[in-house]
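# Coordinate inspection notes
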Amino acid sequence: MDKFLISGGRALNGSVAISGAKNSALPCMAAALLTAETVTLHNLPYARDIITQRRLLEDLGATVLTPELRTHKINAAHIEVFEAPYELVKTMRASVLALGPLLARFGKAKVSLPGGCAIGTRPIDLHLKGFELLGAEVRLEGGNVVARAPQDGRLIGAIVNFEKVTVTGTENLLMAATLARGKTVLHNAACEPEISDLCELLNRMGARVRGSGTPTIEIEGVEALGGAQHTIIPDRIETGTFIVAAAITDGELIIKDCQPEHLTSVIEQLREVGVNIEELNQSTLRVTRGTALRAKNVTTEPHPKFPTDMQAQYMALMTQAEGEAIITETVFENRFMHASELQRMGAQIHLNGRIATVTGPTKLTGAPVLASDLRASASLVLAGLVAQGETVIERVYHIDRGYERIETKLRAVGANIQRLRESVTAPLSEDAAPDATALAS
Ligand code: EPU
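Below is a summary of the structure that appears in this document. (Residues numbered from 1 in each chain as written. Predicted model: local features only at pLDDT ≥ 70, side-chain atom pairs only at ≥ 80, totals over all residues. Heavy atoms only, no water.)

Turning our attention to the overall build of the chain. Of the regular secondary structure elements, the chain holds 14 helices and 25 strands. Each principal axis of the C-alpha atoms in the chain carries an extent, and together these give about 65 × 45 × 45 Å. Counting all 441 residues of the chain, 56% fall into the buried class. Contacts in the chain between residues at least 24 apart in sequence constitute 72% of all its contacts with a sequence separation of at least 6. (Helix = DSSP H or I, 4+ residues; strand = E, 2+ residues; numbered from the N terminus. Buried < 20%, exposed > 50% of the residue type's maximum accessible area, 1.4 Å probe, protein only. Contact = heavy atoms within 4.5 Å.)

Below, the structure written as structure tokens:
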């Protein structure tokens, strides 16, 4: 398993380009299952989860051509398998996004029920209840969810009131409803920009979806969908992570190819703690620190509030801020795994259930630490960048799932970060750094 070795203490300087949003790319790839025609997606991030999702589509019988690194041409004309197996779902929960499209187009689907994960229990009961409202019969068999559309194989439009805001639940129901007979209304739908991006693709494919970006989405079912071309939106969480990277190292970064209006709450929060964020144009930010950082409380909530996917990075930043910051995580019940690793680097963090209190500023020192999930890994990288001495982060496969070549991007703006590979004979990816050091362990 690869590790990162970071020698901290260098201010980042330069410009960095943001990749496509992983959490938009995943549902858009699944949406290609809704049609026999080709769906072409541009600006996919070169991240592990995208490769896993591609594998899932291919296992189902789709063909995926990659004319360029970040473009996929997906054709699902000949789907032969209607199942997302445990092997895939256990590595990537977003495989459950195959359920809605398969059920809608073929009237049947089987997906392994994802278990808990590092950030919480993460059930999919709301997805399943929604499918039942659309007329599907849903059973649990041997750890798998088996869903079937009514007799004629077509779902029926319905009113779905989500008890809780769910991002992939909204996406699954949206996709299922595009081919249902009649109208579906989703109440308390997620408003994340990734939902709007998916709706834009679906409408290009011929779907009739209105209200995306609001809590009420209406879908008028159609008989069939066609092919389309679509460019994935920039990753707002990667953008936020690089803003924090500039601030935590007291550097200056120009962040290109981003969409600042997708992270208004993050930008506001970071400005309030003392980060200078200038919008140079609609897709470019300049980030500097200027003053000392001030602690400020934050609570994670669904969009447009402060995202849970930025909580860990914000916690790393708060270790460098003056005062006490109370961080309340309301979306997932167990998303503070990074706190104990940050403590090993010298951070003062007190945990009480879903509340973490960070007291700063503290001088962090490099230490061996363990990445537990994607965003936790990002927070450890950020802490490593500002810590004195060397930090070794283990299990960086977590970060590879969702960030495109983070170490390459960081190195280009002055960070001293290397990927340590398991063995000299292990295949190196095409971005392998010339300074990548081999580990004997
Ligand atoms: N929930 C239920 N029942 C359900 C669905 C969700 O109780 O049927 C609960 C969850 O347990 C959680 C809350 O509702 O407490 C919100 O979960 P949600 O369904 O919105 O999360 P998700 O769709 O599984 C997506 C992102 C996550 C991101 C969350 C919240 C993708 C592929 N994943 O997950 O991204 O944290 O929304 O914004 O879109 C990441 O990128 O690091 C990541 C974890």
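We are not done yet, so read on.
The complete set of buried residues in helix α5 (residues 125-133) reads L126, H127, L128, G130 and F131. On its buried face, α5 is in contact with α4 (99-106), β8 (137-141), β9 (144-148), β10 (159-161) and α6 (167-178). Looking one or two residues past α5, G135 carries a phi angle of roughly 95 degrees, positive in sign.

A word on the sheet that holds strand β7 (residues 108-112). Hydrogen bonding along the main chain pairs the strands of a sheet, whether they run parallel or antiparallel. Strands sit in the order β6-β7-β9-β8 across an open sheet of 4 strands; the sheet is mixed. Each edge of the sheet is formed by a strand with only one pairing partner; in this case those strands are β6 (83-84) and β8. (Pairing = 2+ DSSP bridges.)

This part covers the pattern of salt bridges. Overall, the coordinates contain 26 salt bridges when judged by the stated rule. Among the salt bridges present, the one from K183 reaches E218, with a minimum N-O distance of 3.4 Å. Here K183, found in strand β11 (residues 183-187), pairs with E218, found in strand β13 (residues 217-220); they are 35 residues apart in sequence, far enough to count as distant. Overall, the relative accessible area of 40% leaves K183 in the partly exposed class. Note that K305 and E301 form a salt bridge whose closest N and O atoms lie 3.6 Å from each other. By relative accessible area, K305 is classed as partly exposed at 45%. By relative accessible area, which is 29% here, E301 ends up partly exposed. (Salt bridge = Lys/Arg side-chain N within 4 Å of Asp/Glu carboxyl O.)

Turning to unusual backbone geometry, a few remarks are in order. The step from H303 to P304 runs through a cis peptide bond, and the omega angle for that step is 10 degrees. By the element assignment, P304 lies in the loop between β18 (298-300) and α10 (311-318). Omega for the bond connecting G360 with P361 falls within 30 degrees of zero, at 0 degrees, which places this linkage in the cis form. Its place among the elements puts P361 in the loop between β21 (355-360) and β22 (368-370).

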